Amino acid sequence: MRRITGKAKDETLIELQSATDSQTGDGPAVLTAFRINLHSDENSGNGVSLSERVILPGHAETDRLQPNKDTVFFRDGVRRIDFVLSYVDDKDGEKKQERRREFEANLEKAGLELETDDKSDSKDQRTYFLKIHAPWDVLTTYADVLNIKVPFKESDIPHGQDVPLHWLSHPFRLPEHIMRPTPDYFTYPFDKNKTDFFLINDKDTFFPPSTRNRIVFYILARCPYYKEGQKEKEKTGIKRLLSNGTYTAAFPLHDCRYWKRARNAECESERYNLYTHWARFLCFYKEQPLNLIRKYYGEKIGIYFAWLGFYTEMLFVAAVVGLICFIYGVLSYDDNISSKEICDPKVGGSIVMCPLCDKKCPFWKLNSTCLSSWQSHLFDNEGTVFFAIFMGIWVTLFLEFWKRRQARLEYEWDLVDFEEEQQQLQIRPEFEFRCTNKRLNKITQEMEPYLPITSKCARFCLSATTVLFWISLIVACIIGVIAYRLAVYAAFASIIKDPLRKIQLVGRFITPQLATSVTASCINFVIIMILNFFYERVAVWITDMEIPKTHLEYENRLTMKMFLFQFVNYYSSCFYVAFFKGKFVGYPGDYSYMFGKKWSKLRNEECDPGGCLIELTTQLVIVMAGKQLWGNIQEALLPLMRNWWSSRKGRHNPENHYSRWEQDNVLQNFTQLGLFYEYLEMVIQFGFITLFVASFPLAPLLALCNNILEIRVDAWKFTTQFKRPVASKARNIGAWQEILNAVAILSVVTNAFIMAFTSDMIPRMVYLYAYGKDASMRGYVNNSLSIYNITQIPDANMPEEKDYWFVNSTSTCRYRDYRYPPGHGSEYTHTMQFWHILAAKMAFIIIMEHVVFVVKFFVAWMIPDIPSDVKARIKRERYLIQEYLHNYEVERLKIQLSASFITEPQSEMSSMTDKHEVLSECL
């Protein structure tokens, strides 16, 4: 490149020659010239505008260059492309052209530089691409407005000292240039009037691409497209232009292809580094390059992956302990006396059980539940109590250690003072132009838009009513599933009457309870997915209707709505099995019915003699595993298929024949709520492994395996399948932190109730220490079953058919309860043992909750939220900022005084000298 002088004083002719692209074979070098107007006037603002550029179809076109296709620079090879807008001509072209013309003119007035690629240059011959560059003046102006922190001094604080045996972690480490892509600096909010205070070595690279695209998007979101003199506030922002089809896409560019470094040495190739060291599944055992993720995608996405990685690391401990508890259940298999008695033909084979449903269900022998009693023991044993208490403490450690990790990231990523900035500066454009009322801000003394209290209340009432309606719809669906369980149970019972006689291949492994539970769980999972699909759209609609003021407020409101719905949707079926099934059954002479005996013939479900815990385990496994499997399919396969379908249209050449913006244009959009759904998925999983973990100790192991895959799938998706998202800041995980705290507290209560009322642990302990002989569990099965006289069973409850083995074999049947036998003075009322067990259950709940809560609060008190070294670094940085600013202002004032001293007349020199000395001494 060479600069030719001799033109007008406000113009420079830049002549450039593009290098021959030998790799792509794009033809010989082309020589061309651009005339750039470097003079600012009223129309162009502070920016630099092209005198000659491609504007719109039908307008004058510049000479077409044939530069390197895979580039992130304008045709001149100097100015970086910070944002790209794409559009196509269609039947409504005139209106859209007018909008684009006004919008682009206003962008130029804001100082941005534009360059258009005609549709004839694109491979599909339909799409125009508008490339946007933010010059230095625009970047500095908006960096000042947005209080973006930039470096002013290289950090002199050393990194953490090497820990002993650090070589053990060497296989899990990434190269230093990947983990720390930039040196550590002390930073301070940018001030346009103090540019010499900051470390500006190169204006082109001082602001990283993530900061540049954030600034440009800030301008695009607030730039109007109405004509001069027409104040139509709703005609503002790129989001509205995208929604009405004026533009088809708006995105910042990836810096290169993910599988190959950029040819241009000035390009960072960070996308390639992320793919190579992070997004490939073979890197699953490696640490994440969080600083590089933050540098490329912004702090908001960086904090998500930091949280997900930390959560996965902590899951490893919970998974190991849960696996040990499960192994204990397997090893104590032969010591399970209760299951041996159920399976014993002389004990379980001689006990005749009362029918489990009306008419269709026969009398049955206890030993038909032999397999399910063994399965129950795997999860319902002494180790489960320990694991439930351990998980109550684990979740506290996880949340407390995450606060410390988050505090360290806040400091390292310059987010310590970000909260106030976010509240003030990230006002949503939708709020600005939809709220027409103005009022005086008492702090800034400026007029600002606001939403009247009457409108706010009306919108809130409509929103709350909509949420309650959908939650009621979930409850109605759950009631429908329960009714299905009750109705289908009789059908399964009539099919599987005698496993040894009727269905020899399957019947011995499947009981009516298990068959009903599995099919109901599958149906419930399908209903959950369908309701989710519709409610997600409803939640976004009602949140938009509320018109939240800031992006943070918008996300928090949507988070609470979605989580409340998802909580009821995913967990309601588990709550039913855990706390309602088998608890309101009645007894053979007086059964309880769903909706009452007068209104329905659906008798309430009973639990297996081994308890309902195995059914809760089945429900949890199906819903949790099904959700994770479906989620991974959605996250991995759907974007891949969509990108393949969109890229195959009009593409008949290798990938390197397409420009960088064309390659990115066919990728999937990463919406504003994309990260929201990632968080929601993980928080729902967190609920599964904490709220109901007492029923399934292997849940953390299942979650760990899923999350190891989830991190790499999300990384692969971000680097290969999505357009580059606009960088945005976030200090923490937002409202999700409070939700996790609430789930952690609730999990202690639910697990205590599961161990007390769903598990059979407490009745067994009461029998062992109060009623058993020789401190043994022998006779427990017989003790836990009450007796009922068959002749007293109403005809409505008796089976229609009686099996051959039952005729004249017994006059009584057994059922699961603690009631006095027939002939007793208080027959069929609860025995004293029932009240002893109930008292023991309540005592267990109180003791377990108090022990876990005391330990939780003690651990939370013992572990400070901010590490001491981080506190010291924050204080040192603030001290250095004050010191450097003081010295800078002193030097600046000395220079000003010296300059004024030289220009003053000699008669005033002595007085100025005195003033200078006094002022310097004061400073």
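Structure's up top.
Residues numbered from 1 in each chain as written. Predicted model: local features only at pLDDT ≥ 70, side-chain atom pairs only at ≥ 80, totals over all residues. Heavy atoms only, no water.

Our next topic: the state of the cysteines. Enumeration over the complete set of coordinates arrives at two disulfides. Each disulfide pairs two cysteine sulfurs, and for Cys354 the partner residue is Cys813, the sulfurs being separated by 1.9 Å. On the S-S bond that ties Cys354 to Cys813, the torsion sits near 85°, and the link is right-handed. Note that Cys354 is positioned in the loop between β11 (352-353) and β12 (364-365) and Cys813 in strand β18 (residues 812-816), a separation of 459 residues in sequence. Owing to a relative accessible area of 3%, Cys354 belongs among the buried residues under this scheme. (Disulfide = S-S within 2.5 Å. Helix = DSSP H or I, 4+ residues; strand = E, 2+ residues; numbered from the N terminus. Buried < 20%, exposed > 50% of the residue type's maximum accessible area, 1.4 Å probe, protein only.)

Moving on: the pattern of salt bridges. Applying the stated criterion across every chain, the model contains 31 salt bridges. In this structure, Glu889 and Lys194 form a salt bridge, with 3.1 Å as the shortest nitrogen-oxygen distance. Taken together, the positions of Glu889 in helix α26 (residues 868-903) and Lys194 in the loop between β9 (185-189) and α4 (203-206) put the pair 695 residues apart, joining distant regions of the chain. On the basis of relative accessible area, Glu889 is assigned to the partly exposed category, the value being 33%. Its salt-bridge partner being Glu615, residue Arg485 comes within 3.3 Å of it at the nearest N-O pair. Of this pair, Arg485 sits in helix α15 (residues 453-495) while Glu615 sits in helix α18 (residues 613-648), and the two are 130 residues apart along the sequence. Looking at Glu615, the relative accessible area reads 4%, which means it is buried. Here the salt bridges do not stand alone but share partners, grouping Arg75, Glu115, Asp117 and Lys131 into one network. (Salt bridge = Lys/Arg side-chain N within 4 Å of Asp/Glu carboxyl O.)

Note on backbone geometry: most residues besides glycine have negative phi, and most peptide bonds are trans. We note that Asn147 has phi near 55°; this positive angle belongs to a residue other than glycine. When you line up the elements, Asn147 lands in the loop between α2 (136-145) and β8 (149-154). Classification of Asn147 as partly exposed rests on a relative accessible area of 31%. At Ile547, a residue that is not glycine, the phi angle is positive and equals roughly 55°. Topologically, Ile547 is positioned in the loop between α16 (512-546) and α17 (551-579).

Before going further, it helps to spend a moment on helix α25 (residues 832-862). For α25, with 31 residues, the first-to-last C-alpha span of 45 Å sits near the 45 Å given by 1.5 Å per residue. Elements that come into contact with the buried residues of α25 comprise α12 (382-412), α22 (735-758), α23 (761-771) and α24 (780-783). (Expected span 1.5 Å × (residues − 1). Contact = heavy atoms within 4.5 Å.)

Okay, the packing of aromatic side chains next. Both the distance between ring centres and the angle between the ring planes are used here to describe each pair of aromatic rings. Going through the model one piece at a time under the given rule, you end up with 69 aromatic pairs. When the ring of Tyr679 is compared with that of Trp736, the centres are 6.0 Å apart and the planes differ by 20°; the resulting orientation is stacked. In this pair, Tyr679 sits in helix α20 (residues 674-691) while Trp736 sits in helix α22, placing the two residues 57 residues apart along the sequence. We note Arg603 situated over the ring of Tyr591; from NZ or CZ to the ring centre the distance is 3.5 Å. Positioned above the aromatic ring of Tyr296 is the side chain of Arg724, whose terminal nitrogen or guanidinium carbon lies 3.8 Å from the ring centre. (Phe/Tyr/Trp six-rings, centres within 6.5 Å; stacked < 30°, edge-to-face > 60°. Lys NZ or Arg CZ within 6 Å of the ring centre and 35° of its normal.)

Moving on: the packing of α20 against α22. Packing of α20 against α22 brings their axes to within 8 Å, and their N-to-C directions diverge by 20°. Of the possible angle classes, the one that applies to α20 and α22 is roughly parallel. Crossing of α20 over α22 shows right-handed handedness. Contacts between α20 and α22 involve Phe676, Tyr679, Leu680, Val683, Phe686, Gly687, Thr690 and Leu691 from the first element and Trp736, Ile739, Leu740, Val743, Leu746, Ser747, Thr750, Asn751 and Ile754 from the second. Split by residue class, the contact of α20 with α22 holds twelve nonpolar, five polar and no charged. (Axes fitted to C-alpha atoms, helices over the stretch in contact; angles between N-to-C directions. Parallel < 35°, antiparallel > 145°, perpendicular 65-115°, else oblique. Left-handed = near helix turned anticlockwise from the far one by under 90°. Nonpolar A, V, L, I, M, F, W, Y, C, P; charged D, E, K, R; others polar.)

Moving on, we come to the sheet that holds strand β10 (residues 249-251). In spatial order, the strands read β6-β7-β5-β10; together these four strands make up an open sheet with antiparallel pairing. On the outer flanks of this sheet lie β6 (113-117) and β10, each paired with one strand and no other. Taken pair by pair, the neighbouring strands of this sheet meet at an average axis angle of 20°, ignoring direction. Where β6 meets strand β7 (residues 127-133), five bridges bridge the pair, whose relative direction is antiparallel. Bridge assignment links Thr116 to a residue of β7, and that residue is Leu130. Most of the contacts of helix α1 (residues 93-109) go to strand β5 (residues 83-88), to which it runs at about 165°, and overall it touches β5, β6 and β7. (Pairing = 2+ DSSP bridges.)

Once that is clear, we can look at the side chain of Thr719. Note on placement: Thr719 falls in helix α21 (residues 699-721). From its side chain, Thr719 meets the backbone oxygen of Ala715 in a polar contact 2.8 Å long. Residues in contact with Thr719, not counting those within four places in the same chain, are His254, Tyr258, Arg271, Leu274, Tyr275, Trp278, Ala279 and Tyr297. (Polar contact = N/O pair within 3.5 Å; in protein donor to acceptor, adjacent residues only side chain to side chain.)

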